[in-house]
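Coordinates in review
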Amino acid sequence: MGHLLSRRNGFLVKSCRLKSLFAVADGPIVFVKSLISRREEKNPFQRDMRRPKAPYVFDGATRRAVCKNSFQESKIPQNLDAIVIGSGIGGLSVASMLAKVNKKVLVLEQHGTAGGCCHTYVKKGFEFDIGIHYVGELEEGKERRLLIDQLTEGQLTWQPLDKNFDTLVFTNKSTGRPAKVIPIWSGGADAHVQSFIDAFPEEEKAIRRFFALVHEATSSMPTFILLKMLPLWLSRFLIGCGVVPSIRRLKHYSERSVKSVLDEVTSNDDLKAALGYCFGDYGVPSAEASFLVHALLLNHYKDGAYYPFGGASEIAFHIIPTILGAGGRVLTSARVTGIVDDGHGRVVGVRVTKGSQEVEVRAPIVVSDAGVINTVRMLSKDVLEKSRSPLSQVVSSVKPGYGCMSVYIGLRGSNEKLNLPARNYWIFKGNKIDDDFAAFMAMKYQTGTVDATVPLLYVSFPSAKDYTFEQRYPGNSCCAVITFAPWEWFESWKDAPKGRRGEEYNELKQIIARAMWKQTCELFPHLKDKEGYFEVGTPLTNQHYIGSSRGEIYGMNHDTTRFSLQSIVDMRPDTQIPGLYLTGQDVCACGFAGAIFGGLICASTILQRNLQRDLQKLGKSLKNLD
């Protein structure tokens, strides 16, 4: 295939023979080390930033000063190095890493509380998380734990959930009562796999085959990350030439549906439903979902599941001070309505609108944690056309994910009194999950309709996962019940202000919510008369609080289109628009783990160094000290 010689974006590709370059499966890793010659900025993980843990802060005024610092023009620091749009974990993590190399960063959050899906709210003596339900791979010594410890300076404590962290409940369609209950255990790969073998002993061979494929799929993640960090032209060349074994393996699993894998390993519909149970964690049924995402999710919790001590708001509360320490700010109630350019295609700042006030804020770097769709909407058409950015192609080819219905129930009675477990429940009305899900999404909900059985429910008790809850809210506990819901059910009220959408809207959401709670109480009948607070969120609620375009909770849809090689390459931190970068869920994958890793990839791109490698070096040095 001859020789390759080119220079682009500061990368020098030296003349070499492609045949020998791609000779081994891990060729891309060797390849990138030999290709890239560029100036690196400082290392945010040069030294261990952990410090002795300070006592939990109960004082509300102190907490509000950190997480609810409302936008005013006078609060904007001078001589900014970067602006971050959005204070979800994708945005806060990038800002913190930049701050650790003395970059002055301004984070702008449209909601009144910083944290994105990491924030909590309190009503009538009850506290609810809105997005952090459980996180995996946080055992001591693991890379994700090390990353979070560095970003929070070791101030965040993670509590383990029960070893039986998930329980699957398949109900009888006629009675609604449990017909089959399957506890899912952590404690390592063997314990996790054994959960399914215990439930389906006659299917042991199929189960072991399935988890062998899970292991093989997850091994392709280094290539996934590399394709997002290499120059766009080079990544496109590599996926186009089709000669790199590791890229072929990635394609095999990322563009393959979960259903196709399940159909390959077994004909048992009950087992298929069980192995595919956790699609609620990424929001796509098995016929559409990328097997790579499903495999990552199963692998994520095999060793344990965790919840932040003191609640999800502790995450932002302990990251924000690291940003302030470098002279930056995190300002809330700051809606970014436009991304400013210099007229020649370079992004140079943002426009913030608050009431009738419009303020232009300038910085040489703008990072968007607002999602691909919102980012494109904030850009001028001229900038998109001049840059030939892949963002426009992404928006036209990849659709947003589903929205959800969230029911928050405050319970009168402590966790101990009500015997609430520190685990999650996944409740299904049968083993035809894809069919039931499609039928539910296609329903035309109207006020006055008869309650319909919701085919998927996620039920958890956040108060039982947090040892401080009883101390902070004595005698109370809480429950969260979640299912998916299409934007179209509530679209007619999208232009009405929150709190003024009318009786028909309120009646419709109560119909669905009460059906969800009724099904939950079939499993937990002792909770029926313990309601102290009952609140319902819809896709419109999600749009209001987290700024999602159509109420989606996981960003762009996690289907095989989103995880095609082309989309993997195009959904990257480097937007190809000078001065503009992406972070968060749409860069990597959904959830806390995906978004924070999206932040790591984004910071690596900005600082022009491999921060994952730097983090690993720090981890090795700490192990040597031990």
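Keep in mind it's a predicted model, so treat the numbers as computed, not measured.

Let's talk about the overall build of the chain
Scanning the chain for helices and strands turns up 26 helices and 22 strands. The globule rule puts the C-alpha radius of gyration for 626 residues at 25 Å, and the 24 Å found for the chain is close to it. Structurally, the chain occupies a C-alpha span of about 70 × 60 × 55 Å along its principal axes. In the chain, which comprises 626 residues, the share counted as buried stands at 60%. The long-range share in the chain, meaning contacts at least 24 apart out of those at least 6 apart in sequence, stands at 75%. Positive and negative charge centroids in the chain, built from 77 and 64 side chains respectively, lie 5 Å apart.

Comments concerning helix H22 (residues 502–523)
Between the first and last C-alpha of H22 there are 33 Å, a value that for 22 residues agrees with the 32 Å anticipated at 1.5 Å per step. For H22, every residue scored as buried is listed here: Tyr 505, Leu 508, Lys 509, Ile 511, Ile 512, Ala 513, Ala 515, Met 516, Trp 517, Gln 519, Thr 520 and Cys 521.

Some words on the nonpolar core
Residues Phe 210, Tyr 277, Phe 291 and Phe 592 are the most contacted members of the largest nonpolar core, which totals 161 residues. A total of 10 residues in this core trace back to one element, the largest contributor, which is helix H25 (residues 591–607). Those residues within four positions of Phe 291 in sequence are excluded, and the remaining contacts are Phe 210, Leu 213, Val 214, Ala 217, Tyr 253, Arg 256, Ser 257, Val 258 and Val 261. If you look at the next biggest cluster of nonpolar residues, it comprises 34 residues, including Val 336, Val 359, Val 361 and Ile 577.

A look at the pairing of strand S17 (residues 403–412)
Among the 10 residues in S17, nine count as buried, and that is most of the element. Here 10 bridges tie S17 to strand S20 (residues 476–485), and the two strands are oriented antiparallel to one another. Pairing of Ser 406 across the sheet is with Ile 482, part of S20. Here S17 runs beside strand S21 (residues 531–537); their pairing, made up of six bridges, is antiparallel. By the bridge assignment, Ile 409 is partnered in S21 with Phe 534.

Section: the packing of aromatic side chains
Enumeration according to the criterion identifies 28 aromatic pairs in this entry. Between the aromatic rings of Tyr 402 and Phe 437, the centroid separation amounts to 5.3 Å while the plane-to-plane angle is 80°, which identifies the pairing as edge-to-face. With Tyr 402 in the loop between helix H17 (391–397) and S17 and Phe 437 in helix H19 (residues 433–442), this pair connects stretches of sequence that are 35 residues apart. Classification of Tyr 402 as partly exposed rests on a relative accessible area of 21%. For Phe 437, a relative accessible area of 4% translates into the label buried. Ring centres 5.2 Å apart and planes at 85° place the aromatic pair Phe 461 and Phe 524 in the edge-to-face group. Of this pair, Phe 461 sits in the loop between strand S19 (456–460) and helix H20 (462–465) while Phe 524 sits in the loop between H22 and S21, placing them 63 residues apart in sequence.

Quick notes on the pattern of salt bridges
Pairing between side chains of opposite charge can happen when the charged atoms of each approach one another. Scanning the model with the defined rule gives 30 salt bridges in all. Between Glu 255 and Lys 251 there is a salt bridge, with its nearest N and O atoms 2.8 Å apart. Residue class for Glu 255 comes out partly exposed when judged on its relative accessible area of 30%. In this structure Lys 251 comes out as partly exposed when scored by relative accessible area, which is 39%. Between Glu 360 and Arg 362 there is a salt bridge whose closest N-O contact spans 2.9 Å. Looking at Glu 360, the relative accessible area reads 42%, which means it is partly exposed. Connected through shared salt-bridge partners, Lys 259, Asp 263, Asp 269, Lys 272 and Lys 432 make up one network.

Remarks on a positive patch on the surface
A cluster of basic residues, Lys 123, Lys 124, Arg 412 and Lys 498, forms a positive patch at the surface. Within the element layout of this structure, Arg 412 appears in strand S17.

Some details on the packing of helix H7 (residues 204–218) against helix H11 (residues 258–265)
The interhelical angle for the contact between H7 and H11, taken along N-to-C directions, is 145°, at an axis separation of 9 Å. Crossing of H7 against H11: the hand is right-handed. On the side of H7, the interface is formed by Ala 206, Arg 209, Phe 210 and Leu 213, while H11 contributes Val 261, Leu 262, Glu 264 and Val 265.

Overview of the sheet that holds strand S4 (residues 105–108)
Spatially, five strands are ordered S12-S4-S3-S16-S22 in an open sheet, and the strand pairing comes out parallel. Both outer strands of the open sheet, strand S12 (329–331) and strand S22 (580–582), are each paired with one neighbouring strand and no more. Strand after strand, the sheet turns through a mean of 20° between neighbouring axes, direction not considered. Taken together, the three bridges between strand S16 (residues 366–368) and S22 define a ladder with parallel strand orientation. Opposite Val 366, over in S22, you have Leu 580 as the bridge partner. Along the sheet, helix H4 (residues 89–99) makes contact with strand S3 (82–85), S4, S12 and S16, crossing S4 at roughly 170°. Strands S4 and S12 of the sheet are contacted by helix H14 (residues 313–324), whose axis makes an angle of about 130° with S12.

Some points on the side chain of Arg 144
The topology assignment puts Arg 144 in helix H5 (residues 143–151). According to the relative accessible area criterion, Arg 144 is buried, its value standing at 15%. Ignoring sequence-local partners within four residues, the contact set of Arg 144 consists of Gly 136, Glu 137, Leu 138, His 300, Ala 593, Ile 596 and Phe 597.

Focus: unusual backbone geometry
A positive phi angle, close to 55°, is found at Asn 79, a residue other than glycine. Examined against the element boundaries, Asn 79 turns out to sit in the loop between helix H3 (60–67) and S3. The exposed category is assigned to Asn 79, whose relative accessible area is 68%.

A closer look at the pairing of strand S13 (residues 335–341)
Relative to strand S14 (residues 347–354), S13 runs antiparallel, the two being bridged by six bridges. Paired with Gly 338 across the strands is Arg 351, a residue of S14. From the end of S13 to the start of S14, which pair antiparallel, there are five residues, and Gly 343 there has a positive phi angle of about 90°.

Focus on the side chain of Thr 483
Looking at the element boundaries, Thr 483 is found in strand S20. A distance of 2.6 Å separates a polar atom in the side chain of Thr 483 from the backbone oxygen of Leu 456. Setting aside anything within four residues of it in sequence, one finds Thr 483 in contact with Cys 404, Met 405, Phe 440, Val 454, Leu 456, Leu 457 and Met 516.

Some points on H4
Counting buried residues along H4, 11 of its 11 residues qualify, which places the element largely inside the surrounding structure. Among all positions in H4, only Ile 89, Gly 90, Gly 91, Leu 92, Ser 93, Val 94, Ala 95, Ser 96, Met 97, Leu 98 and Ala 99 are buried.

What counts as what
Residues numbered from 1 in each chain as written. Predicted model: local features only at pLDDT ≥ 70, side-chain atom pairs only at ≥ 80, totals over all residues. Heavy atoms only, no water. Helix = DSSP H or I, 4+ residues; strand = E, 2+ residues; numbered from the N terminus. Rg over C-alpha atoms; globule rule 2.2 N^0.38 Å. Buried < 20%, exposed > 50% of the residue type's maximum accessible area, 1.4 Å probe, protein only. Contact = heavy atoms within 4.5 Å. Lys, Arg positive; Asp, Glu negative; His and termini not counted. Charge placed at Lys NZ, Arg CZ, Asp CG, Glu CD. Expected span 1.5 Å × (residues − 1). Core = buried A, V, L, I, M, F, W, Y, C linked by side-chain atoms within 4.5 Å. Pairing = 2+ DSSP bridges. Phe/Tyr/Trp six-rings, centres within 6.5 Å; stacked < 30°, edge-to-face > 60°. Salt bridge = Lys/Arg side-chain N within 4 Å of Asp/Glu carboxyl O. Patch = residues over 30% accessible without salt bridge, like charges linked within 9 Å, V, L, I, M, F, W, Y side chains within 5 Å. Areas by Shrake-Rupley, 256 points an atom, 1.4 Å probe, with all protein chains shown as cover. Axes fitted to C-alpha atoms, helices over the stretch in contact; angles between N-to-C directions. Left-handed = near helix turned anticlockwise from the far one by under 90°. Polar contact = N/O pair within 3.5 Å; in protein donor to acceptor, adjacent residues only side chain to side chain.

Function cannot be inferred from these measures alone, as they are strictly geometric.
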